[in-house]
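# Overview (structure and organization)
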Amino acid sequence: MTDSIHDMPGLYIHVPYCRSKCKYCNFYSVTNTATIPHFLTALETELALYRPSFDTFDTLYIGGGTPSVLTIRQLERIMSSVRTMYTLPGSAEITIETNPGDADFDFMQALRTMGINRLTIGVQSFDNDVLSFLGRRHTAEEAISALETARKAGFENVGLDLISCVPGQRIEKWMDTLDRALTFTPEHLSCYELTIEPGTALGRALQRGLLSVADEQRQYEFFMKTSEILEDAGYIHYEVSNFARDISFSSRHNQKYWNHVPYLGLGPAAHSFADNTRWWNHRSLSRYISDIDNGNRPIDDSEYLSEDQLRFEALYLGLRTKRGININDFKKRYHYDLYGHKGKILDTLVKECLITNRNGYIVPTRRGLAVADTLSLL
Amino acid sequence: MNNTRNFSIIAHIDHGKSTLADRMIQYAGVIDERTFKDQILDSMDIERERGITIKSQAITLPYCARDGKEYILNLIDTPGHVDFSYEVSRSLASCEGVLLLIDAAQGVQAQTVANLYMAMEHDLEIIPVINKIDLPSADIDNVMEQIDTELGLDPYTSLPCSAKLGTGIEDILEAIVQRIPPPEGNPEAPLAGLIFDAHYDPYRGTVIYGRIFDGAVKGGDTVRFVHTQTTYKVEEVGRFLLARQKKDKLSAGDVGYIIAGIKTVSDVNIGDTITLDATPCEGPLPGFKEAKPVVFASVYPIASDDYEELAVALEKYKLNDASFTFQKDSSVALGQGFRCGFLGLLHLDIVQERLEREYDLSIILSVPSVKYRFTLESGETVDVDNPAYFPDPTMITASNEPYIRATMMFPECYLGAVMKLCREKRGDNSTLNYPSPGRIELAFEMPLAEVIYDFYDRLKTITQGYGSFDYDLIDYRASDIVLLDILVNGDKVDALAQMVHRDRARARGLLACEKLKEEIPRQMFKIAIQGAIGNQIISRTTISPFRKDVTAKCYGGDITRKRKLLEKQKKGKKRMKMVGNVAIPQSAFVAILKSETD
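Residues numbered from 1 in each chain as written. Chains lettered and ligands numbered in written order. Predicted model: local features only at pLDDT ≥ 70, side-chain atom pairs only at ≥ 80, totals over all residues.

## Side note on the overall build of chain B
To keep it simple, the criterion reads: The way it works is that DSSP assigns letters per residue, a run of H or I at least four long becomes a helix, a run of E at least two long becomes a strand, and they are numbered from the N terminus. Exposed residues have 12 or fewer other C-beta atoms within 10 Å of their own C-beta, buried residues have 20 or more, and residues in between are partly exposed; the C-beta atoms are placed from the backbone. It is the C-beta atoms, placed from the backbone, that decide contacts: two residues are in contact if theirs lie within 7 Å.
A tally of helices and strands in chain B yields 13 helices and 33 strands. Burial statistics for chain B: of 598 residues in total, 45% are counted as buried. Of all intrachain contacts in chain B linking residues separated by at least 6 positions in sequence, the fraction that spans at least 24 positions is 70%.

This is the structure in structure tokens:
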């Protein structure tokens, strides 16, 4: 993995629409799709706003919300706007998130035709009980069909999103879902333990005491088991929640987030980063549209990252990845000699088998990944 | 001299001493009634700016008595706690009489008795005053009974009052004039004055408070302190009303202040005798003792950056507190700090509170220790108050520890529990008195180390707040002292080391382990906590690691939110002290000081 390929900026487009809200999700979206035409117009205007600062993107990620709520026509419009105003090289990684319920063959084929070469499918589970608990609008059968269709449509880079550690879920049930996923030999798997966020349906249930969250021991078991099964199946556990069938299938776009590579995020609530500054759009579709209509950038706020903050981010993000932290690069880029300052604690962490220290890289072990948050506080 | 009266108010803590003093100041009309409040406040602001308090150690109250004559009443304040009994004794030595203040609801307490004895030792006229008669729970008859049986005073000489409401104040002032004898002394004899207090004024240096027994002192005189043999040129003498009031001279019988270009309070010894350099008095006034700290603890800043600030704060604090000592100390675990000496545990509390409140410092205090005395094989005797300097155990031939005589008073029903507590605290040679029916006066000889640990808190608890306590240091006695080390993951936490009696070591070690287990948050790896004497582990416990804390999602480019969460945690961790690889919160150090009650 060379760094140069990641140094080109990435583009993220947030499609803030869902047919229905899932009970656990706190990403920004609305269910009233009447405003889609307005949104698309605003998005085009926003795209144009950044032409002076950006030129070429080597990754494009269309996320949400549920991008597959849009019609082929609407998605084509987005793609053509991007291509008209910016360069997407032939090698660019172009990803779209889809809901298994939306993915028929014609739709998927059209995505391919548009040049989209990476598909992530929000399967979440192959257990219909879990799907209904999570408030997903599709079934396990639809997910299976979507995966088969994706292959038929010619997608060679398919990723699945899965959620584990759902209240009441037995680990065997989760292993069934994993086994099922593996039968499709997906190029990528994102496995999240369920986090219950405030402001979601599950968050409210938790507050009323109708739910209990998995304790640390249970979370640990799910985490370790998932990693074990997938690594045994030949996947690389390249980030806390992410697995790739080959290192070349790890999400290039997401790695930009983790490496302080510039990225431009468009659409409501999207985050951007460039020149040590991070800024983010209003988490409100109407505010987003009205700001753009009035000729303003729809930015909610921004922060300039100090060297300390950049360094700390690099540390906690790096320790979430299998690539780890290159001590020399870290010193060059963040002016901090990790070994010089933290040698003693690093040695202990090596002894405790939480990290390894080889070839100039500090790399978390599987057990280390499970405590990555605290690792970064070293 | 015939129109002068020098007196103190002595009382058990919270029996209303300051309120009564305030009322008397008000009554004396140092300023007229209408402007009293404003004046006090104005004055306080000025005083505050200067870093001293309005509560002067001696205040002069002009009083026009019923006999129509003008009197000068000098009220000499006394600190209200056992830790300061020497200071109290010097103040009493400057008086001819005292008001013995007793709470009408609580009655006679241990300190009431201790104060009374001290006043008797100085042969003072004693006027019992029953305060708080306005309280619904006031039981004046019972207090009169106690005055008779427990204090051996004539209850009919006592005066009722409510300092809070201002009732009975005039009778008290009148009694001071009528019953307390005027001071004696020869104004023509060589100067002999007793220093009973001193405080620091940033503009004038140290202001001495003294009582002149013989002779006179005036501005321009060169004075000498008999014990320190230092000389100073007097700049100003006077009396303290609400502010300093300059006078031409202070002469025999007077109480007042002297300013003589003395830099720090530590240059003055309370109890020292002041005389004229040219014509000195024959010898020092009796009763001088150097106020020596008996309890020692190290103070460390929580953030090592605050070390300089702490140093400055201690210097400043020391300006006004001669009995407080400090010197540089350092700990591997806690970094640079200071070893401090205190008169007692309350003194320690006061200093800690002032450093934190007035100087806005976050500090950690090590386990307080007394001063142990060791005889070594070489025949040499060493005094050690800091576990860091504990001698090589193989070289120790004998160890000694300071003993006190503790005096406790409490209702009879608690006798069993208190006896048990005292025995547990290695108490010995008890004597029991029944000063009045239903009340116990219990004296025990016990090691000072046991008292500074948690004795007073526990006494209060088991007597449900009715127990009172006073103590005197008596002597050093043979003991068996060992050094208890606390190890965290094999690293000695030097700041948690304690010198303890061998019989205590195991229990103390277990307790320390348990406390640390409660207070140290789980970390990524197992933490072993051990108590050890030398190489022998006497207690141990482990804190199991947490194994999962990572949050799955770190997505959508919203790296900021996650960073902020982690930054918060990091801040929390920064407030902890790293010992080896283990982060120990301040609360763990504090917890070690406190013990569970059984």
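After presenting the structure, the write-up continues.
## Observations concerning the overall build of chain A
For chain A, the count of helices and strands is 15 helices and 15 strands. Looking at the 378 residues of chain A, the share that counts as buried comes to 47%.

## What about the confidence of the model for chain A?
Worth spelling out the cut-off: The pLDDT value tells you how sure the predictor is about a given residue, anywhere from 0 up to 100.
On average, residues of chain A score 94 in pLDDT, and 98% of them reach the 70 mark or higher. Overall, residues 1-6 of chain A carries pLDDT values under 50, and its contacts beyond four positions in sequence, including any with other chains, amount to 7 contacts.

## Some points on the sheet that holds strand 13 (residues 325-326) of chain A
Residues and elements named next belong to chain A. The following threshold applies: Any two strands with at least two DSSP-identified bridges between them are counted as paired. Each axis is a line fitted through C-alpha atoms, and for a helix only the stretch in contact is used; angles between axes span 0 to 180 degrees, taken between their N-to-C directions.
As summarised here, the arrangement of the 3 strands in space is 13-15-14, forming an open sheet in which the pairing is antiparallel. Of all the strands in the sheet, the pair left with one neighbour each is strand 13 and strand 14 (355-358). Sheet analysis places strand 13 next to strand 15 (residues 361-364), joined by 2 bridges and oriented antiparallel. Paired with I325 across the two strands is I362, which belongs to strand 15. Helix-sheet contacts for helix 13 (residues 338-351) involve strand 14 and strand 15, and the interaxial angle to strand 14 is about 125°.

## Thoughts on the nonpolar core
Residues and elements named next belong to chain B. This is how the line gets drawn: Connectivity within a nonpolar core runs through C-beta atoms within 7 Å, and the core itself is a set of buried Ala, Val, Leu, Ile, Met, Phe, Trp, Tyr and Cys residues.
Core analysis: the largest hydrophobic core is formed by 166 residues, its most contacted members being V98 and L100. For this core, the element with the most residues is helix 10 (residues 448-462), which contributes 8 residues. Beyond its immediate sequence surroundings of up to four residues, V98 is in contact with F7, S8, I9, I10, L92, A119, L124 and I126.

## Details of the sheet that holds strand 1 (residues 4-11) of chain B
All names here are of chain B. Strands sit in the order 2-3-1-4-5-6 across an open sheet of 6 strands; the sheet is mixed. A strand with exactly one partner marks an edge of an open sheet, and here the two such strands are strand 2 (58-64) and strand 6 (159-160). Relative to strand 5 (residues 125-131), helix 6 (residues 169-179) is tilted by about 170°, and along the sheet it contacts strand 1, strand 2, strand 3 (70-76), strand 4 (97-103), strand 5 and strand 6.

## Details of the pairing of strand 11 (residues 230-233) of chain B
All names here are of chain B. Sheet topology note: the strand 10 (residues 222-225)/strand 11 ladder contains 4 bridges and is antiparallel. Looking at strand 11, one finds that F225 is bridged to T230. Where strand 10 folds back onto strand 11 in an antiparallel hairpin, the turn is made up of 4 residues, including Q229, whose phi is positive at roughly 60°.

## Notes on the packing of helix 11 (residues 307-318) of chain A against helix 12 (residues 559-574) of chain B
Two quantities define a packed helix pair, namely the angle between the helix axes and the distance between the axes. Using the following cut-off: For classification, angles of less than 35 degrees are called roughly parallel, those exceeding 145 degrees roughly antiparallel, those between 65 and 115 degrees roughly perpendicular, and all remaining angles oblique. Under this grouping Gly is polar, as are all residues other than the nonpolar Ala, Val, Leu, Ile, Met, Phe, Trp, Tyr, Cys and Pro and the charged Asp, Glu, Lys and Arg.
Where helix 11 of chain A meets helix 12 of chain B, the closest approach of the two axes is 10 Å, and the angle between their N-to-C directions is 95°. With respect to their mutual orientation, helix 11 of chain A and helix 12 of chain B come out roughly perpendicular. The residues of helix 12 of chain B that touch helix 11 of chain A, namely those facing Q309, F312, E313, Y316 and L317 of chain A, are I559, R563, L566 and E567 of chain B. Taken together, the residues of the contact of helix 11 of chain A with helix 12 of chain B sort by class into 5 nonpolar, 1 polar and 3 charged.

## Some details on the environment of K289 of chain B
Residues and elements named next belong to chain B. Following the sequence through the fold, K289 ends up in the loop between strand 16 (273-276) and strand 17 (295-301). You can call K289 exposed: it has 11 C-beta atoms within 10 Å. Measuring from C-alpha to C-alpha, the distance between K289 and N269 comes to 8.7 Å, with 20 residues separating the pair along the chain. For K289, the contacting residues outside a window of four places in its chain are Y86 and G271.

## Description of the interface of chain B and chain A
With 23 residues of chain B in contact, the opposing surface of chain A contributes 37 residues. When the residues that make up the side of chain B that touches chain A are grouped by side-chain class, the tally is 8 nonpolar, 6 polar and 9 charged.

## A word on the confidence of the model for chain B
Residue and element names in this part refer to chain B. For chain B, mean pLDDT is 86; residues scoring 70 or higher make up 93% of the total. Across residues 38-55 the pLDDT falls below 50, and counting only partners more than four positions away or on other chains, this stretch makes 16 contacts in the model. Two summary scores accompany this predicted model of the complex, namely pTM at 0.67 and ipTM at 0.88.

## Some remarks on unusual backbone geometry
Even without being glycine, N359 of chain A reaches a positive phi, approximately 50°. Looking at the element boundaries, N359 of chain A is found in the loop between strand 14 and strand 15. Residue class for N359 of chain A comes out exposed when judged on the 9 C-beta atoms lying within 10 Å of it. Backbone geometry places N429 of chain B, a non-glycine residue, at a positive phi of 50°. Mapping N429 of chain B onto the fold places it in strand 24 (residues 428-436).

## With respect to helix 7 (residues 307-319) of chain B
Residues and elements named next belong to chain B. Selection rule: How far a helix is expected to stretch is found by multiplying one less than its residue total by 1.5 Å. Directions pointing from the helix axis toward each C-beta atom define the arc.
Here helix 7 contains 13 residues, and its C-alpha end-to-end distance of 19 Å stays within 8% of the 18 Å for a straight helix at 1.5 Å per residue. Restricting attention to buried positions, one finds in helix 7 the residues L310, A313 and L314. Down the axis, helix 7 shows its buried residues gathered within 100° of arc, on one side only. Set apart from the buried face of helix 7 by more than 90 degrees, the exposed residues are E308, V312 and E315. Tucked inside the fold, the buried residues of helix 7 contact strand 17, strand 18 (325-331), strand 19 (335-342), helix 8 (345-357) and strand 20 (363-365).

## Details of the environment of I345 of chain A
Among the secondary structure elements, I345 of chain A is positioned in helix 13. Judged by C-beta crowding, with 14 C-beta atoms within 10 Å, I345 of chain A ranks as partly exposed. Through-space distance from the C-alpha of I345 of chain A to that of L378 of chain A is 7.1 Å; in sequence the pair is 33 residues apart. The contacts of I345 of chain A, once residues within four sequence positions are left out, are L378 of chain A together with N581 of chain B.

## Remarks on the packing of helix 9 (residues 415-424) of chain B against helix 10 of chain B
Residue and element names in this part refer to chain B. We apply this condition: Take the far helix as your reference; a near helix turned counterclockwise from it by less than a right angle gives a left-handed crossing, and one turned clockwise gives a right-handed crossing.
Where helix 9 contacts helix 10, the axes come no closer than 10 Å and their chain directions differ by 165°. When the axes of helix 9 and helix 10 are compared, the pair comes out roughly antiparallel. Once helix 9 is placed against helix 10, the crossing between them reads as right-handed. For the pair helix 9 and helix 10, contact is made by A417, V418 and L421 and by R458, L459 and I462, respectively. Partitioning the contact of helix 9 with helix 10 into residue classes produces 5 nonpolar, no polar and 1 charged.

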